[in-house]
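The chain contents come next:
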Amino acid sequence: MSMHEGPALFDEAARDAFYQRLFPIYERNFGSVAAGPQHVVQMTHDSLNEQRSAEQLAMLEIAVGEPLRGKRMLEVGSGIGLTTSVARKKFGIEAYGIEPGDDEYEGSLKLSYDILKAAGVDAEAVRYGVGEAIPFPDDHFDVVYSTNVLEHVNVPPKVLAEIVRVLKPGGVAQIVVPNYGSWWEGHYGILWLPHLPAWLGKLYVRALGRDPDFIDTLQLVSRGKVERWIAPLGPRIDILGWGTDVWEERVTGLGFSEYSALGRLKSILRIFHKLRVVPLLIKVGKLLHWETPIILTFRKKPAAPASGL
């Protein structure tokens, strides 16, 4: 048994009760977006899957280059608080989260408090907040983590600047975000034309019988856009990676978990394997930045020493 394994944070009865509360939230917000009722069911189960959170944190540990135990971490967009709970109880991290809890997230913040309580975690671990105004002081966290959030925020450059602000010098941040310069759209669970403009994307999803208005809630993130957003922060950070190696490994080995609609994506990739065109896919994909998701990892540069007189 690894150091991150152990008893579940809560029993099946509690998990089922949380499912019954979370499913209507997802059905209300994603029922007309998802690939069908079963997609919403799977989204709900995945959000309550401790193993998924543990996999994300293990990947973060690899990026940081050392165990996260004892480090102070912030999760920007902590959802229902499960990853923050797993971080505390199974990784020994002093983890905190912020979550807006309104609009499409309405109900998730209240649910997160109950999940924290059931897991034996202080409710203060998750706070109301948005990425554009993180409610913590400067230079406060060893690690900042965010997954599938940047595409939903109002002002991505401000969120990235805030992440750098609260990160300690020498600390590491990892932002995982869908790449709309690639071929997959995970919210709808569909193939996507790289760099498709929003207006054309709305026509496309409408033709598939899905809600086109959801497109208006998204930042259609691409590698180029993130590079532009983060350029003003360049003097303060060292970029450690963009997730290209992870993407190549997943496409080549098909070793990724089938959360949400990723089982459909894996089936498509198996066709490329049968056609023996994966090496070409990787070569072209690296050139055109098809890596998905984007996994931006950077380290905040140490403070410059004060100059003497």
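Structure's up top.
What counts and what doesn't
Going along each chain's sequence as written, the residues are numbered from 1 onward. Totals for whole chains, interfaces and linings use all residues, but because this is a predicted model, local features are given only for residues with pLDDT of at least 70 and pairs of side-chain atoms are given and counted only at 80 or more. Working from all heavy atoms in the structure, the side-chain values ignore hydrogens and water. Think of it this way: any DSSP run of H or I at least four residues long counts as a helix, any run of E at least two long counts as a strand, and we number them from the N terminus. Each radius of gyration is computed over the set of C-alpha atoms, and the globule rule expresses the reference value as 2.2 Å times the number of residues to the power 0.38. Each residue is placed in one exposure class: buried if its accessible area under a 1.4 Å probe, protein chains only, is under 20% of its type's maximum, exposed if it is over 50%, and partly exposed if it falls in between. In this analysis, two residues are considered to be in contact whenever any of their non-hydrogen atoms come within 4.5 Å of each other. Working definition of accessibility: Shrake-Rupley area with a 1.4 Å probe, residue cover restricted to the visible protein chains. Only C-alpha atoms enter the line fits that serve as axes; for helices the fit covers just the stretch in contact. Angles between N-to-C directions range over 0 to 180 degrees. Relative orientations are named as follows: roughly parallel for angles under 35 degrees, roughly antiparallel for angles over 145 degrees, roughly perpendicular for angles from 65 to 115 degrees, and oblique for any other angle. Note: crossing handedness is left-handed where the near helix turns anticlockwise from the far helix by less than a right angle, and right-handed where it turns clockwise. Each residue is assigned to one class: nonpolar for Ala, Val, Leu, Ile, Met, Phe, Trp, Tyr, Cys and Pro, charged for Asp, Glu, Lys and Arg, and polar for all the others, Gly among them. Any two of the Phe, Tyr and Trp rings considered here, Trp counted by its six-membered ring, make a pair once their centres fall within 6.5 Å; the pair's planes then place it as stacked at under 30 degrees, edge-to-face at over 60, or tilted in between. Charge-over-ring placement is defined geometrically: NZ (Lys) or CZ (Arg) within 6 Å of the ring centre, and within 35 degrees of the ring normal. Two distance rules govern patches: like charges are joined within 9 Å, and nonpolar side chains (Val, Leu, Ile, Met, Phe, Trp, Tyr) within 5 Å, applied only to residues with over 30% relative accessible area and no salt bridge. The working definition used for a salt bridge is a side-chain nitrogen of Lys or Arg within 4 Å of a carboxyl oxygen of Asp or Glu. Nonpolar cores were defined as sets of buried Ala, Val, Leu, Ile, Met, Phe, Trp, Tyr and Cys residues, with membership established by side-chain atoms within 4.5 Å.

In terms of regular secondary structure, the chain is built from eleven helices and nine strands. Relative to the compact-globule value of 19 Å for 309 residues, the chain shows a C-alpha radius of gyration of 19 Å, a close match. Within the span of the chain, comprising 309 residues, buried residues form 51% of the whole. Sequence-distant contacts in the chain: of pairs separated by 6 or more residues, those separated by 24 or more amount to 71%. For the chain, the exposed surface amounts to about 14500 Å²; the carbon and sulfur share of it is 57%.

Turning our eyes to something else, we now look at the packing of helix 1 (residues 12–30) against helix 2 (residues 37–47). In the contact formed by helix 1 and helix 2, the axes pass within 9 Å of each other and the chain directions differ by 130°. If you check the angle between helix 1 and helix 2, you find them oblique. As for how helix 1 packs across helix 2, the hand of that crossing is right-handed. Contacts between helix 1 and helix 2 pair Tyr19, Leu22, Phe23, Tyr26, Glu27 and Phe30 from the former with Val40, Val41, Met43, Thr44, His45 and Ser47 from the latter. In terms of residue class, the contact of helix 1 with helix 2 is built from eight nonpolar, three polar and one charged.

Turning our eyes to something else, we now look at the packing of aromatic side chains. What the rule picks out here adds up to eleven aromatic pairs. Seen in terms of ring centroids, Tyr188 and Phe214 are 5.9 Å apart; in terms of plane orientation they differ by 80°. Their pairing is edge-to-face. Of the two residues, Tyr188 is situated in the loop between strand 6 (184–185) and strand 7 (190–191) and Phe214 in the loop between helix 7 (198–207) and helix 8 (223–230); the sequence distance between them amounts to 26 residues. Judged on exposure class, the residue Tyr188 and its partner Phe214 are both buried. Through a chain of ring-to-ring contacts, the aromatic side chains of Tyr26, Phe30, Tyr188 and Phe214 assemble into a single cluster. Of note, Arg88 hangs over the ring of Tyr96, and the distance from its end group to the ring centre comes to 4.8 Å.

On to a nonpolar patch on the surface. Where nonpolar side chains cluster on the molecular surface, the patch consists of Trp183, Leu191 and Leu193 and spans about 280 Å² of accessible area. Its location among the elements puts Leu193 in the loop between strand 7 and helix 7. Using a relative accessible area of 45% as the deciding quantity, one classes Leu193 as partly exposed.

Counting residues in hydrophobic clusters, the biggest one holds 51 residues, and the most contacted among them are Leu57, Leu60, Met73 and Ile93. By residue number, the principal contributor to this core is helix 1, which donates seven residues. Setting aside its immediate chain neighbours within four residues, Ile93 contacts Leu57, Leu68, Arg69, Gly70, Lys71, Met73, Ala87 and Arg88. The next biggest cluster of nonpolar side chains, apart from the first, holds 30 residues, and it includes Leu74, Ile98, Val153 and Phe298.

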